[in-house]
Structures are given as C-alpha cells and as structure tokens.
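# Residue-level structure breakdown
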Amino acid sequence: MPVLLHPTYFPSISHFAAMVNTDKLVFEVEDNFQKQTNRNRMYIYSPNGIQLLNIPLKHSPTGNHQKFKDTKIESAFDWQKQHFKSLEAAYRTSPFFEYFEDDIRPVFEKKHTFMMDLNFQIMEIVTDCLGMDFSYAKTAEYFHEVQDIKDMRHLVNGKKDTSKFEPYTQVFEEKHGYINNLSILDLLFNEGRYAMEYLKKQQL
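Here's what I pulled together on the structure shown here. Sequence positions are assigned chain by chain, starting from 1 and proceeding in written order. In keeping with the predicted nature of the model, local features appear solely for residues at pLDDT of at least 70, side-chain atom pairs appear and are counted solely at 80 or more, and the whole-chain, interface and lining totals rest on all residues. Hydrogens are left out, water is left out, and the side-chain values use all remaining heavy atoms of the structure.

### Thoughts on the nonpolar core
Core analysis: the biggest nonpolar cluster contains 60 residues, and Tyr9, Phe10 and Leu130 have the highest contact counts within it. Considering every element that reaches this core, the biggest residue donor is helix α4 (residues 115–130), with 10 residues. The contacts of phenylalanine 10, once residues within four sequence positions are left out, are Met42, Ile104, Val107, Phe108, Ile122, Val126, Ser183, Ile184 and Leu185. By convention a nonpolar core is built from buried Ala, Val, Leu, Ile, Met, Phe, Trp, Tyr and Cys residues, the set being connected through side-chain atoms within 4.5 Å. Three labels apply to residues, based on accessible area from a 1.4 Å probe with only protein chains included: buried if under 20% of the type maximum, exposed if over 50%, partly exposed otherwise in between. Numbered from the N terminus, helices here are DSSP runs of H or I no shorter than four residues, and strands are runs of E no shorter than two. It only takes one pair of heavy atoms within 4.5 Å for two residues to be counted as in contact.

### Digging into the packing of helix α6 (residues 184–191) against helix α7 (residues 194–201)
Viewed as axis vectors pointing N to C, α6 and α7 meet at an angle of 130°, and their least axial separation amounts to 8 Å. By the angle between their directions, the pair α6 and α7 is classed as oblique. For the pair α6 and α7, contact is made by Ile184, Leu187, Leu188 and Glu191 and by Tyr194, Ala195, Tyr198 and Leu199, respectively. Axis angles are defined between N-to-C directions and span 0 to 180 degrees, where every axis is a line fitted to C-alpha atoms and, for a helix, only to the segment in contact. Roughly parallel refers to an angle under 35 degrees, roughly antiparallel to one over 145, roughly perpendicular to one between 65 and 115, and oblique to any angle outside these ranges.

### Looking at the pattern of salt bridges
Salt bridge criterion: a side-chain nitrogen from Lys or Arg within 4 Å of a carboxyl oxygen from Asp or Glu. Within the structure shown, the criterion is met by 10 salt bridges. For aspartate 151, the salt bridge is made with arginine 153, and the minimal N-O distance between the two is 2.9 Å. Residues joined in a network through salt bridges with shared partners are Glu88, Arg92, Glu98, Glu101 and Arg105.

### Remarks on the pairing of strand β4 (residues 49–54)
The two faces of a sheet get side chains in turn, since along a regular strand they alternate between them. One ladder, built from six bridges, connects strand β3 (residues 41–46) with β4; its direction is antiparallel. Bridging across to β4, isoleucine 44 finds its partner in glutamine 51. Each pair of strands is called paired provided DSSP finds at least two bridges between the two strands. Connecting β3 to the antiparallel partner β4 that follows it, the hairpin turn spans two residues.

### Focus on the sheet that holds strand β2 (residues 25–27)
As summarised here, the arrangement of the four strands in space is β5-β2-β1-β6, forming an open sheet in which the pairing is parallel. Among the strands making up the open sheet, the edge pair consists of β5 (137–138) and β6 (150–151). Here two bridges tie β2 to β5, and the two strands are oriented parallel to one another. Counted as the bridge partner of phenylalanine 27 is lysine 138 from β5. Against the sheet, helix α1 (residues 13–20) touches β1 (3–5) and β2, its axis set at about 150° to β1.

Shown next, in the form of structure tokens:
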C-alpha cells in the first residue's frame, strides 16, 4: 500500500522504516507549516544524551498560516556550522561517520532558501548513502483525511510518534543507555550499509 509522509529534516528512523517498507511513496507538500515538528528539526545522540537540532525559519510576514513549501530558512543564524559541529561531537568516533561525512557535508555548505527544498535534498543524499531507491510522488492538494493510502503524516510530530525499534549499538550507549528513534543519521553512522537491512526488519 502507498505511504503518505511529510518531508522532514534528516528524518527519524520511523520515517525511513515507513519509506523502505512501501511500494509507493508519496510526500505531502500542500500542508501548512506547523511549529514544534520535525519539518525543521532532528534529534541526535550527543555526548550528553539526546540533543535537538533546530533550523530557524522566517515566519509569515502577515502572521497568517503559510504553506510549508513557502517557508524560508532564516539565514541570519549560522545554523549550518552549529549543526555540523554538533554532529561531529556526537558521531566522530562512530564506525561510519568518516565514511559518509563527504556525502552529507553539502547540506551544511549550500545555502537553501526554502526548508522543503533542503529536506528533499537531504533525503536524496541519505537514500543514496543507504543504497535505497528514492522514487516518489507529491500531493497536488491537501486532504485532512486520505483514502487508499497509509497516512503516516503523524510521524512528523515527534511527540505523537510512539514507534519502538530494536536496539543497535550507539556511541554513548554505556553512558546514557539506548535511545530509540533518533534521526536516520544515528543509524547510518553507527551501522553503515547494514542500516538498510535493519530498516527492512522494523515494524511500524
């Protein structure tokens, strides 16, 4: 059955598990932007435990709802440098950080205007790292209720995402224990190409 998802910033493992285990992938591109969601944030495993990395966005000048596809990144903050430094601190000692470092670096060097464009570029890079086919369709209109498609759009909201996955080895596990359902980067840097096998086995 096709799956409907939001394009998010370095998506969670649950997002990728949904992407891997479907024959047709559809992305919601006609929704309004909502704060406090993974559209512009990801969670990583830092030396101090779970860490939120958030991209600052420009809010609608009129104060009205704006579509996510029209939402621009706030370039006054050097979020790229800050996020890359955080990833280095978290994953420099992981088995596969250096292997994939050059693949993900462009995300933190190229200036994007729109958040959604950045998210699609990220998914192209990560699916390539995973050795995963990345063909998809986009919605042409927003529907609150959908039919003939598995609606997984709730996964964009980390608080509503209660997915539980089997543990894999994490860098700071001895310090803080296993942390479930982080950004796909956590899985990629710790498991490398085996990440794809892992995703195929996860049930949502």
